[in-house]
Amino acid sequence: MTQSNHTVEKIGGTSMSRLNELLGTLFIGDRKGQALYNRIFVVSAFGGITNLLLEHKKTGEPGVYALFANAENDQGWSNGLNRVSEAMKNAHREVLEHPADVSDADDFVRDRLDGARNCLIDLQRLCSYGHFRLSEHMQIIRELLSGLGEAHSAFVTTLMLKRAGVDARFIDLSGWRDDRELDLRERIQTALKDVDVSREMPIVTGYAQCVEGLMQEYDRGYSEVTFSRIASHTKAREAIIHKEFHLSSADPNLVGDHVRKLGHTNYDVADQLSNMGMEAIHPKAAKTLRQSEIPLRVTNAFEPEDPGTLIDDQPAESPAAEIVCGLDVYALELFEQDMVGVKGYDASTLDVLKRHKVRIVSKSSNANTITHYVDASLKTMKRVERDLEEIYPNADLSVRALAIASVFGRDMRGLRVLTRGLEALETAEIEVEALHQTTRSVDVQFVVGRDDRDRAIKALHDAVVAAPPSAKETQAAA
């Protein structure tokens, strides 16, 4: 591959559904000739397609994968594939104008989904014999289905760009009808080996089939992992994620006109955001970019003139609170009088949480109490509680629905964020259940009632982000 001063840019699913708008801004805009190129685009599936293929990310409503996994017959998942077909066709008919392009896209959908349908039918038939277990193949099926959405969107994007006069090239990393066993590095290297980014615009699938199995390790975060690996492999000048909004100091729906675009932060803050479920980028993808010394830019795809927010590994020029966000959690509290001086309580709890795939957001402990604040469903937490009661029959266990409102910044030393935050929450008549602050001065967490989460975010934002620090605080920070 020809090395150049290029960028690798990712477009999310919601933005992809407005692909025709992006043609006149992000892809082309006022660019002409050579200015169109030196950009590699990694695309997600059109909005909602991956939910139909797997399961709904938020509601858990079953898609083709979930229907196939629990099928007593093939009617449910087959109908699910039909829904995917219609959704894909509707998506590309919204953005393609030329009848020939629409026809090519229809044929593409038919070929891929018919192939997937035949694969699932053959697998069901094979597993009707006693020697084969469907459960052993479900992860591969999940990988297969995942790649269908990105392959479709990348193919459609390429058609649209070619029609507009751009030398675009469809790069399919999904491994469709490819019997080679390649790891992710080899998959990317093979696909891009003869690409000249100075003369053509690669449109790459966000899903990449590889022996590691992206879905198994990263699940729905796979497209950002692919994106970061491509940036690292090609030694990109910059990695860019295009969203439908700016990375801001808080949810503008909560704080209104006081909201600020971040403009500049670092990977440390990005990791804290990921921990709170507000991902600027998947933490494993961020690690790849950070280790490769590639800065990340997060922009609003529909405001191409705005530089967005730069994320790199540089410290802050001066202390500042940059962002406030919140997350609903459950507080799992284990109290045992005999815990004092005894090892193993935390390890056993962690084993149970890991077994039930519960994500830990934060935790605290004292002589006889360990509290984990976790991101999970109530159903899962009841199972966790039952298992821990068997391990510690004499312990007092409780599960409470709470929320965490967090303040982040690259450097918040001397800003009295904890004190100012408590004062703001008291003024707003919000009771604080617990507090967490580390010595690194990058985050402060306020645990509040779940119903108070949004009010807490607004109060904290107004107090420590929107309001400038006092002269005394500025002097202390200096």
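Remember, it's a predicted structure, so these values are computed and weren't measured experimentally. (Residues numbered from 1 in each chain as written. Predicted model: local features only at pLDDT ≥ 70, side-chain atom pairs only at ≥ 80, totals over all residues. Heavy atoms only, no water.)

### A short note on the environment of Gly 24
Condition: Each helix is a run of H or I in the DSSP string that is no shorter than four residues. Each strand is a run of E no shorter than two, and both are numbered from the N terminus.
On the secondary structure map, Gly 24 appears in helix H2 (residues 19–27). For the pair Gly 24 and Leu 126, spaced 102 residues apart in sequence, the C-alpha to C-alpha distance is 49 Å.

### Some thoughts on the sheet that holds strand E4 (residues 201–205)
Two orientations exist for strands paired in a sheet by backbone hydrogen bonds: parallel and antiparallel. Our working definition: When DSSP locates at least two bridges between a pair of strands, those strands are taken to pair. Axis lines are fitted through C-alpha atoms, for helices just across the contact stretch, and the angle between N-to-C directions can take any value from 0 to 180 degrees.
The eight strands are arranged E3-E4-E2-E1-E5-E7-E8-E6 in an open sheet whose pairing can be described as mixed. What marks the edges here is a single partner per strand, and that holds for strand E3 (168–171) and strand E6 (264–266). Here the strands of the sheet are splayed against their neighbours by 25 degrees on average, with no regard to which way each runs. Of the strand pairs in this sheet, strand E7 (residues 296–300) and strand E8 (residues 309–312) are connected by three bridges, and their pairing is antiparallel. Opposite Leu 296, over in E8, you have Ile 311 as the bridge partner.

### Examining helix H13 (residues 283–291)
Stated formally: Under the scheme applied here, a residue whose accessible area is under 20% of the maximum for its type counts as buried, over 50% as exposed, and between as partly exposed, the area being computed with a 1.4 Å probe on protein chains only. Regarding the arc, it is the one traced by the directions from the helix axis to the C-beta atoms.
What H13 keeps buried is the set Ala 285, Ala 286, Thr 288 and Leu 289. Angular distribution of buried residues about the axis of H13 spans 160 degrees; they occupy a single face of the element. Note on H13: the residue one or two positions beyond its end, Glu 293, has a positive phi of about 60 degrees.

### Examining the sheet that holds strand E12 (residues 396–408)
Quick note on the threshold: Residue contacts are defined here by distance: any two heavy atoms, one from each residue, within 4.5 Å place the two residues in contact.
With respect to topology, six strands assemble into an open sheet ordered E10-E11-E9-E12-E14-E13, the strand pairing being antiparallel. Only two strands of the sheet have a single partner each, and these edge strands are strand E10 (359–365) and strand E13 (432–437). Ignoring strand direction, the axes of neighbouring strands in this sheet form an average angle of 30 degrees. With six bridges connecting them, strand E9 (residues 323–335) and strand E11 (residues 369–375) associate as antiparallel partners. Counted as the bridge partner of Glu 333 is Thr 371 from E11. Strands in contact with helix H15 (residues 378–391) are E9, E11 and E12; relative to E12, the strand with the most contacts, it is inclined by about 130 degrees. Relative to the sheet, helix H17 (residues 453–466) contacts E9, E12 and strand E14 (443–449), its axis offset from that of E9 by approximately 125 degrees.

### A few points about the nonpolar core
Put simply, the rule reads: Definition of nonpolar core: a set of buried residues of the types Ala, Val, Leu, Ile, Met, Phe, Trp, Tyr and Cys, connected through side-chain atoms within 4.5 Å.
Ranked by size, the top nonpolar core spans 108 residues in total, and within it Phe 27, Ile 203, Leu 214, Phe 227, Ile 230, Leu 289 and Leu 296 carry the most contacts. Among the elements that take part in this core, helix H7 (residues 138–163) stands out by supplying 11 residues, more than any other. Grouped together as the second largest cluster of nonpolar side chains are 22 residues, Ala 250, Leu 415, Val 448 and Ala 459 included.

### Some details on the packing of aromatic side chains
What counts here: Classification of ring pairs uses Phe, Tyr and Trp, with its six-membered ring standing for Trp, and accepts pairs whose centres are within 6.5 Å; under 30 degrees between planes counts as stacked, over 60 as edge-to-face, and the remaining range as tilted. Here, over-ring charges are defined by two tests on the NZ atom of lysine or the CZ atom of arginine: distance to the ring centre within 6 Å, and angle to the ring normal within 35 degrees.
Inspection of every chain in the model, using the stated rule, returns six aromatic pairs. Ring geometry for Phe 108 versus Phe 170: centroids 6.0 Å apart, planes at 80 degrees, classification edge-to-face. With Phe 108 in helix H6 (residues 99–126) and Phe 170 in strand E3, this residue pair connects regions lying 62 residues apart in the sequence. Residues Tyr 207 and Tyr 222 carry aromatic rings whose centres are separated by 5.6 Å and whose planes lie at 85 degrees to one another, so their mutual orientation is edge-to-face. Placement of Tyr 207 in the loop between E4 and helix H9 (214–218) and of Tyr 222 in helix H10 (residues 222–233) is noted, with a sequence separation of 15 residues between them. For Tyr 207, a relative accessible area of 2% corresponds to the buried category. The buried category is assigned to Tyr 222, whose relative accessible area is 2%. Within the aromatic cluster, the residues linked to one another by ring pairs are Phe 108, Phe 155 and Phe 170. The positively charged end of Arg 18 is found above the aromatic ring belonging to Phe 302, 3.6 Å away from the centroid. Directly above the ring of Tyr 65 sits Arg 142, whose terminal nitrogen or CZ lies 4.8 Å from the centroid.

### Focus on H7
Stated precisely, the cut-off is as follows: Residue count minus one, scaled by 1.5 Å, sets the expected span of a helix.
Relative to the 38 Å expected for 26 residues at 1.5 Å per residue, H7 spans 39 Å between its end C-alpha atoms, a close match to the ideal helical length. With 21 of 26 residues buried, H7 lies mostly within the body of the structure.

### Considering the side chain of Gln 445
Note the following rule: Throughout this description, a polar contact denotes any pair of N or O atoms lying within 3.5 Å of each other; where both atoms belong to protein, one of them has to be capable of donating a hydrogen while the other can accept it, and for residues adjacent in sequence the pair is counted only when both atoms sit in side chains.
With respect to the helices and strands, Gln 445 occurs in strand E14. Under the relative-accessibility criterion, Gln 445 is labelled buried at 4%. Of the polar contacts made by the side chain of Gln 445, one reaches the side chain of Ser 362; its length is 3.0 Å. Sequence-distant contacts of Gln 445, defined by excluding residues within four places in its chain, comprise Asn 275, Val 361, Ser 362, Ile 404, Ala 405, Ser 406, Ala 434, Leu 435 and His 436.

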